[in-house]
Amino acid sequence: MPYGGNELTYASPNIEDYTLDHIRYVHLDKGQRGHLVPTQRLGALELLHMVLIQLDIPSLTAFRRVNRRATSIVDLVPQYKAITTHAPVTLWGIFTIGTGRWISCQDLYEKLSTAECESCGDFGGYLYLITCCRVCFLCFTVKADYLPLRQADATRKFGLDRSHLENLPTMKTVPGYYSPREIKLRDRLTLVDYRAARRTGIAIHGSESKMNEHSVHIQAKKLEKYNLRRSKHTAGAANPNPRRPRTEDEFDGYSSNPKRFVAIVRAPFLNPGATSLEWGFHCSACRSHHYNRPLHWRRKFTKDSLKAHIEECGEIVDGKHVRQQLI
Ligand SMILES: [Zn+2]
Ligand SMILES: [Zn+2]
């Protein structure tokens, strides 16, 4: 569909990405009806709002449920109101995968009010809800930072033990179908944020190279132990058949990897200067390009970033970018 009455862009490709928000969700608790009008003076109320938006999301919700007065106070927080009005699925997603402990209402509002992918600067049409980041399709389906890890993989890769994981941002997956290939994820897995785990590993070991050395050393020891147990087993001892320790990463199918979609929801850009929500749009001339940027059908633009894209890749003529010939 053309955007803004022209044929240069279209709103969305005819494809479903099966991100977390595709899974049907229960309606958000909108609280009781007939809210009381708060009686605090405005200054005190604003102060209270400033405190409330810094709370992590479960604490804010718990406060909201205390009584009708608390409900009405929270519902008047402008940032909370904007989130529940325009992007309620982001709150649902955070509750569903259990990452609210690491995210405040202010964090979420700020990411909704930012258009750009934190990684590449393109329009980011999605939020990664373990740490609340705005991302674009091409980044969250390729970069390691947005592939949450099983706890065992996080400890193996970054030389951690279980106690190190306790305070790291962690999520529970929701069983369902994920990725454009609709791959089924059956179990409710516990996954940890890649970046946080890696950062912790580097902090503990002092540097990335020392962390990697430690990880290789531990894996070699585990393999040695496994080989010993295995030789005992094959020699006829009564020991159970040992399981080979994992020494390599799981296969990553990138845009087909369901784990890359379990913490992702589509999210509009709440542009304070605009009258409607912005979802970004695609460039018609990039529609047939499937490999590398700057020409790629998955890229999304705003009016301003489309201008920059056309300057970089050429005017769109008959559905193709045409570079101006220098005379
Ligand atoms: Zn990006
Ligand atoms: Zn283009």
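Procedures and definitions
Residues numbered from 1 in each chain as written. Chains lettered and ligands numbered in written order. Predicted model: local features only at pLDDT ≥ 70, side-chain atom pairs only at ≥ 80, totals over all residues. Heavy atoms only, no water. Helix = DSSP H or I, 4+ residues; strand = E, 2+ residues; numbered from the N terminus. Contact = heavy atoms within 4.5 Å. Areas by Shrake-Rupley, 256 points an atom, 1.4 Å probe, with all protein chains shown as cover. Donors = N, O, S within 2.8 Å, 3.2 Å for Na, K, Ca; no water. Tetrahedral: all angles 85-135°; square planar, octahedral: opposite > 155°, others 65-115°. Disulfide = S-S within 2.5 Å. pLDDT = per-residue confidence, 0-100. Buried < 20%, exposed > 50% of the residue type's maximum accessible area, 1.4 Å probe, protein only. Polar contact = N/O pair within 3.5 Å; in protein donor to acceptor, adjacent residues only side chain to side chain. Pairing = 2+ DSSP bridges. Axes fitted to C-alpha atoms, helices over the stretch in contact; angles between N-to-C directions. Parallel < 35°, antiparallel > 145°, perpendicular 65-115°, else oblique. Nonpolar A, V, L, I, M, F, W, Y, C, P; charged D, E, K, R; others polar. Core = buried A, V, L, I, M, F, W, Y, C linked by side-chain atoms within 4.5 Å. Phe/Tyr/Trp six-rings, centres within 6.5 Å; stacked < 30°, edge-to-face > 60°.

Colleague: Give a description of the overall build of the protein that names residues and reports values.
Modeller: Summing up its helical and strand segments, the protein has 12 helices and 12 strands in all. Within the protein, residue pairs in contact and separated by at least 24 positions form 63% of the contacts whose partners lie at least 6 positions apart. Surface accessibility of the protein: about 18600 Å² in total, with carbon and sulfur atoms responsible for 52%.

Colleague: Describe the coordination of the zinc ion (ligand 1), naming the residues involved and giving the relevant values.
Modeller: Bound to the zinc ion (ligand 1) on the protein side are C117 (SG), C120 (SG), C136 (SG) and C139 (SG), at distances that span 2.3 Å. Coordination at the zinc ion (ligand 1) comes from four donor atoms whose angles at the metal span 105 to 118°, giving a geometry best classed as tetrahedral.

Colleague: I'd love a proper account of the state of the cysteines, names of residues and values included.
Modeller: As enumerated under the stated definition, the model contains zero disulfides in all. Unpaired in this structure, C133 has its nearest cysteine sulfur neighbour in C132, at a distance of 7.0 Å.

Colleague: If you had to explain the confidence of the model for the protein to someone new, which residues and values would you point to?
Modeller: With 90% of its residues at a pLDDT of at least 70, the protein reaches an overall mean of 89. Segment residues 25-40: pLDDT under 50, and 31 contacts once partners within four positions in sequence are set aside and those in other chains are kept.

Colleague: Residue-level account of the side chain of S72, with values.
Modeller: If you trace the backbone, S72 turns up in helix α3 (residues 68-75). For S72, a relative accessible area of 4% gives the class buried. From its side chain, S72 meets the backbone oxygen of R69 in a polar contact 2.7 Å long.

Colleague: A description of the sheet that holds strand β8 (residues 190-192) should follow, citing residues and the corresponding values.
Modeller: Overall, antiparallel pairing links the three strands, which are arranged β4-β8-β5 in an open sheet. Edge positions in the open sheet fall to β4 (149-150) and β5 (170-172), since each of these has one partner strand only. Two strands pair when backbone bridges link them, and β5 and β8 are joined in this way by three bridges, in the antiparallel orientation. Note that in β8 the partner of M171 across the bridge is L191.

Colleague: Summarise the side chain of T141; cite the residues concerned and give the values.
Modeller: Position of T141 among the secondary structure elements: in the loop between α7 (137-140) and β4. In this structure T141 touches Y254, S255, R260 and F261, once residues within four positions along its chain are discounted.

Colleague: Explain the packing of helix α2 (residues 57-64) against helix α5 (residues 88-97) to me, and be specific about the residues and the numbers.
Modeller: To describe two helices that pack against each other, one gives the angle between their axes and the distance between the axes. Remark: α2 packs on α5, axes separated minimally by 11 Å, with the N-to-C direction vectors making an angle of 105°. Taken together, the axes of α2 and α5 lie roughly perpendicular to each other. Packed against α2, whose contacting residues are I57, P58 and T61, the element α5 presents L91, I94 and F95 at the interface. Here the contact of α2 with α5 is built from residues that sort into five nonpolar, one polar and no charged.

Colleague: Got a sec to walk through the nonpolar core? Specific residues and values, please.
Modeller: Core analysis: the largest hydrophobic core is formed by 51 residues, its most contacted members being L20, L108, L112, Y128, V135, F140 and Y178. If we skip the residues at most four places from it in the chain, F140 touches T19, Y126, V135, Y146, R260, F261 and I264. Within the second largest apolar cluster, 11 residues are counted, among which are L149, L168, Y194 and A196.

Colleague: Could you give me a rundown of unusual backbone geometry, with the residues and numbers involved?
Modeller: Of the consecutive residues R293 and P294, the connecting peptide bond is found in the cis state with omega at 10°. Relative to the assigned elements, P294 resides in the loop between β10 (282-283) and α12 (303-313). Residues other than glycine seldom take positive phi values, yet Y18 does so here, at roughly 50°. A positive phi angle is found at E182, which is not glycine, with a value near 50°. A residue is classified by how much of its surface remains accessible, and E182, at 41% relative accessible area, is partly exposed.

Colleague: Give a description of helix α8 (residues 151-158) that names residues and reports values.
Modeller: Buried residues dominate α8, accounting for six of its eight residues. Residues of α8 that are buried include every one of D153, A154, T155, R156, K157 and F158, and no others. Note on α8: the residue one or two positions beyond its end, G159, has a positive phi of about 60°.

Colleague: Would you mind going over the packing of aromatic side chains in detail, with residue names and values included?
Modeller: Two numbers describe a pair of aromatic rings. These are the distance of the centres and the angle of the planes. Scanning the entire structure with this criterion turns up seven aromatic pairs. Between the aromatic rings of Y126 and F140, the centroid separation amounts to 5.1 Å while the plane-to-plane angle is 70°, which identifies the pairing as edge-to-face. Separated by 14 residues along the polypeptide, Y126 in strand β2 (residues 126-128) and F140 in helix α7 bring together distant segments of the chain. The residues Y126 and F140 share a single accessibility class, namely buried. The structure contains a cluster of three or more aromatic residues connected by ring pairs, namely Y126, F137, F140 and F261.

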